[in-house]
Amino acid sequence: MASLEWTPALVLDLPVMDAVHEEFVALLGQVEAADDAQLCALWDELITHTQHHFDQEDHWMQTTGFATGNCHSQQHKVVLAVMREGAAKGAQGDLDTIRHMAAELGPWFSHHAQNMDAALALHMRRAGFDPVSGEVLMPEALPAEPITGCGGACSTSEDKEEAIA
Ligand SMILES: [Fe+2]
Ligand SMILES: [Fe+2]
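Let us look at the structure shown here. (Residues numbered from 1 in each chain as written. Chains lettered and ligands numbered in written order. Predicted model: local features only at pLDDT ≥ 70, side-chain atom pairs only at ≥ 80, totals over all residues.)

### What to know about the environment of Val 11
Now for step 1: Here Val 11 is to be found in the segment before helix H1 (15–33).
Now for step 2: For Val 11, a count of 15 C-beta atoms within 10 Å puts it in the partly exposed group.
Now for step 3: Placed 97 residues apart in sequence, Val 11 and Trp 108 show a C-alpha to C-alpha distance of 16 Å. (Helix = DSSP H or I, 4+ residues; strand = E, 2+ residues; numbered from the N terminus. Buried ≥ 20, exposed ≤ 12 C-beta atoms within 10 Å, placed from the backbone.)

Here it is, written out as structure tokens:
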């Protein structure tokens, strides 16, 4: 059974971001439903998609006042590194690791989208940032100092320390 379904709770009212998220959910569902022969290829496809997904959000953050090492981008980096470890294990015939990671990715994504991505979407809307053109309509709404946290509820001082560490 899929560990993640596309539900209205995941919609963040930012069509470009929502479309990529919906694709992620569909691809993860394919990975979880894959037989052994298809698993590694579909996992690789999910990694390629996730790289694009995270690069896009990282780019939006860089354009709208986030520090390079902000906690949201750091989380993207860690998740991709773990997914690549899974691909390496899979290539050695260890398919259980990929299946285990896929089952964990569902709940991880739900939490990530509803916290870090939701905060980013809100930040982008407040600044009038158009993700398609890259235009910032309200630059005065951007922070004076680079944002090191995720810009949302997770941006506690603890997160900031982790992002710096
Ligand atoms: Fe995302
Ligand atoms: Fe994200």
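### Brief notes about the nonpolar core
Now for step 1: Core analysis: the biggest nonpolar cluster contains 14 residues, and Leu 120, Ala 121 and Met 124 have the highest contact counts within it.
Now for step 2: Only helix H2 (36–63) and helix H4 (95–126) provide two or more residues apiece to this core.
Now for step 3: Residue contacts for Ala 121: discarding those within four places in its chain leaves Leu 12, Asp 13, Leu 14 and Met 17.
Now for step 4: Leu 46, Ala 102, Leu 105 and Phe 109 belong to the second-largest nonpolar core, a separate cluster that totals 13 residues. (Core = buried A, V, L, I, M, F, W, Y, C linked by C-beta atoms within 7 Å. Contact = placed C-beta atoms within 7 Å.)

### Regarding the packing of helix H3 (residues 71–91) against H4
Now for step 1: The contact between H3 and H4 brings their axes to 11 Å, and the two run at 165 degrees. By the angle between their directions, the pair H3 and H4 is classed as roughly antiparallel. As for the relative orientation of H3 and H4, their crossing is left-handed in sense. Counting all contacts with H3, which are made through His 72, Gln 75, Val 82, Met 83, Gly 86, Lys 89 and Gly 90, the residues of H4 involved are Leu 95, Thr 97, Ile 98, Met 101, His 112, Met 116 and Leu 120.
Now for step 2: Class assignment for the residues of the contact of H3 with H4 results in 7 nonpolar, 6 polar and 1 charged. (Axes fitted to C-alpha atoms, helices over the stretch in contact; angles between N-to-C directions. Parallel < 35°, antiparallel > 145°, perpendicular 65-115°, else oblique. Left-handed = near helix turned anticlockwise from the far one by under 90°. Nonpolar A, V, L, I, M, F, W, Y, C, P; charged D, E, K, R; others polar.)

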